[in-house]
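Summary of the model geometry
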Amino acid sequence: MRLSRYFLPVLKETPAEAQIVSHRLMLRSGMIKQSSAGIYSWLPLGFKVLKNIENIVHEEQIRAGHHPMLMPILQGADLWRESGRYDDYGQEMLRMKDRHNRDLLFTPTAEELITDIFRSYVRSYKDLPLTMYQIQWKFRDEIRPRFGVMRGREFYMKDGYNFDLTKEDALHAYNRHLVSYLRTYERMGLQAIPMRADSGPIGGENTHEFLVLAETGESEVFYDSTVTDLTFGDRDIDYTDKDQCQSIMEEFTTRYARTDETHVEDEFHSQVPEERRRTARGIEVGQIFYFGTKYSDALNATVQNDQGEKVAVHMGSHGIGVSRLLGAIIEASHDDKGIIWPEGVTPFHCGIVNLKQGDEEADAACEALYKSLTALGLEPLYDDRKERAGAKFASMDLIGLPWRITVGPRGLKNGVVEVTSRRTGESEEMPPEQAIEKITKIYAGV
Ligand code: ATP
Ligand code: MG
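Read on for a plain summary of the structure. (Residues numbered from 1 in each chain as written. Chains lettered and ligands numbered in written order. Predicted model: local features only at pLDDT ≥ 70, side-chain atom pairs only at ≥ 80, totals over all residues. Heavy atoms only, no water.)

Some details on the pairing of strand β13 (residues 277–292)
The test is simple: Here a strand pair is declared whenever DSSP counts at least two bridges between the two strands. For the purposes of this entry, the term helix denotes a DSSP run of H or I that reaches at least four residues, the term strand denotes a run of E that reaches at least two, and both are numbered from the N terminus.
Sheet analysis places strand β10 (residues 206–213) next to β13, joined by eight bridges and oriented antiparallel. Counterpart to Leu-213 in the pairing with β13 is Gly-282. Across six bridges, strand β11 (residues 219–224) lies against β13 in antiparallel orientation. Each bridged residue has a counterpart across the sheet, and for Tyr-223 the counterpart in β13 is Arg-278. Note: β13 against strand β16 (residues 314–321), six bridges, orientation antiparallel. Across the sheet, Gly-292 pairs through a bridge with Met-315, a residue of β16.

Remarks on the packing of aromatic side chains
The following threshold applies: Note on aromatic contacts: the rings of Phe and Tyr and the six-membered ring of Trp form a pair at centre separations within 6.5 Å, being stacked when their planes are under 30 degrees apart, edge-to-face when over 60 apart, and tilted otherwise.
Summed over the entire model, instances satisfying the criterion amount to 13 aromatic pairs. Taking 4.4 Å as the distance between ring centres and 25 degrees as the angle between the ring planes, the aromatic pair formed by Trp-137 and Tyr-156 counts as stacked. Taken together, the residues span a long stretch of sequence, with Trp-137 in strand β7 (residues 130–139) and Tyr-156 in strand β8 (residues 154–164) at a distance of 19 residues. Taking the centre distance of 5.4 Å and the plane angle of 50 degrees together, the rings of Tyr-181 and Phe-210 count as tilted.

Things to note about the packing of helix α11 (residues 360–375) against helix α14 (residues 432–444)
Packed helix pairs are specified by the crossing angle of their axes together with the interaxial distance, meaning the distance between the axes. Quick reminder of the rule: In this analysis an axis means a line fitted to C-alpha atoms, helices contributing only their contacting stretch, and an angle means the value between N-to-C directions, from 0 to 180 degrees. These descriptions rest on fixed angle ranges, namely under 35 degrees for roughly parallel, over 145 for roughly antiparallel, 65 to 115 for roughly perpendicular, and the rest for oblique. Crossing handedness is read from the near helix: turned anticlockwise from the far helix by less than a right angle, it gives a left-handed crossing, and turned clockwise, a right-handed one. Here, residues are in contact when the closest pair of their heavy atoms is within 4.5 Å. When residue character is reported, Ala, Val, Leu, Ile, Met, Phe, Trp, Tyr, Cys and Pro are called nonpolar, Asp, Glu, Lys and Arg charged, and the others, Gly included, polar.
Packing of α11 against α14 brings their axes to within 11 Å, and their N-to-C directions diverge by 30 degrees. Accordingly, the angle class assigned to the pair α11 and α14 is roughly parallel. The handedness of the crossing between α11 and α14 comes out as right-handed. For the pair α11 and α14, the contacting residues are Leu-369, Ser-372 and Leu-373 in the first and Pro-432, Ile-436 and Ile-439 in the second. In terms of residue class, the contact of α11 with α14 is built from five nonpolar, one polar and no charged.

Considerations on the coordination of the magnesium ion (ligand 2)
Inclusion rule: A donor here means an N, O or S atom no more than 2.8 Å from the metal, or no more than 3.2 Å when the metal is Na, K or Ca. Since water is not included, a site may seem to lack partners. Classification of residues uses two cut-offs on accessible area relative to the type maximum, computed with a 1.4 Å probe and protein chains only: under 20% is buried, over 50% is exposed, and between them is partly exposed.
Donor atoms from the polypeptide that bind the magnesium ion (ligand 2) are Glu-284 (OE) and Gln-287 (OE1), placed at 1.9 to 2.2 Å. Classification of Glu-284 as partly exposed rests on a relative accessible area of 25%.

Some remarks on the pairing of β10
As a general feature of sheets, a regular strand has side chains that alternate between the two faces. Most of β10 sits out of view: six of its eight residues are buried. In this structure, strand β9 (residues 193–196) lies alongside β10, joined through four bridges in antiparallel fashion. Looking at β10, one finds that Ile-193 is bridged to Leu-211.

Structure, rendered in structure tokens:
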């Protein structure tokens, strides 16, 4: 993309309404624009990152054997009356009437609808296990929407639902989700720690939340400092292997890590040596639940088992805050100049800064770099504006592309361009071909 042709409404001033750094940086870098409280338009740059995050979530869900599908945003009230949640959900559920005076609601989650789909078609245990998921807009009429996309009213969420014959199979689905989530967050350059949580209105006995440590997090968290040493890495996973999923689940969840809802001070003290006890703040970026037969009982979702008996299916649901993740990633990865995107989600692979737009040689070198990188399947953002070098650097630092190639007449005289890492600030001079090779190599591993 050529910056002169792009829509990137960068703000010079820090918007007064933004209280936390991710919100400020998303507004300043022209990623989002508020349309009403807790509701945002996604401008081209923000939309690109949102889609990158969504793609990683899709890839990892499909890898785990889960089937993508899509359910409607507007739902009729009847199923919610059947489950009892039409009344239980309270004011967070946005309700409306259609022209025939029928009750509709804007989906805050979709346990009822998916259970209805299941009960309409699935009759036999032979069709299990089954996990379906969607990435779809949700609406919750939060009393205090704030922090930009972190606590919106309209937000983008991955919600998945598993159906299993037995509790044991459903717990495997639970573990499989935990493992796939660990992998998902790591690909986004994030450490998200699974913490034992409280199930709230969804109900059920097993639940973990995934928290990214950040000062601006809304949850207070208590953990054994050694949980932050755990990384998923590039392990080979067979998601159908119950023992492997179980052992990874145990590896990541046996050490003390709780949100304030389930924290017990005495247990913390007895289980964690004093020098390893940490209290911090965290951003919830996902949650998984096993809730047994709560919804299948309420909505009569049964299958025949191998004895020919009708039994209620065991279920769980699993969510990732796709739009909240943009805020969480920025909270975890920025400096005083702007965002620092992890390579896994960056909107463009690298920036190209032309120090002397209009200089024949510099323009030609930038064009050549731009074309070569594009031909290799990469997406560079070429700052081809007639701007001062300082202004170009400031915009690049603000929008946070992890790599920048700087091209100027002086370097070109010696046959070199400069490659700079946004994270470390370190620069290296090299011939253009080598710069292309370096960037290509970096993204081959992402
Ligand atoms: P919270 O406790 O933050 O209100 P929740 O526990 O009600 O969230 P879930 O039902 O578990 O949320 O939804 C799955 C994920 O969706 C959450 O882990 C979070 O990342 C995201 N999410 C929930 N509410 C919002 C919101 N208002 N704005 C943006 N993302 C949200
Ligand atoms: Mg939650």
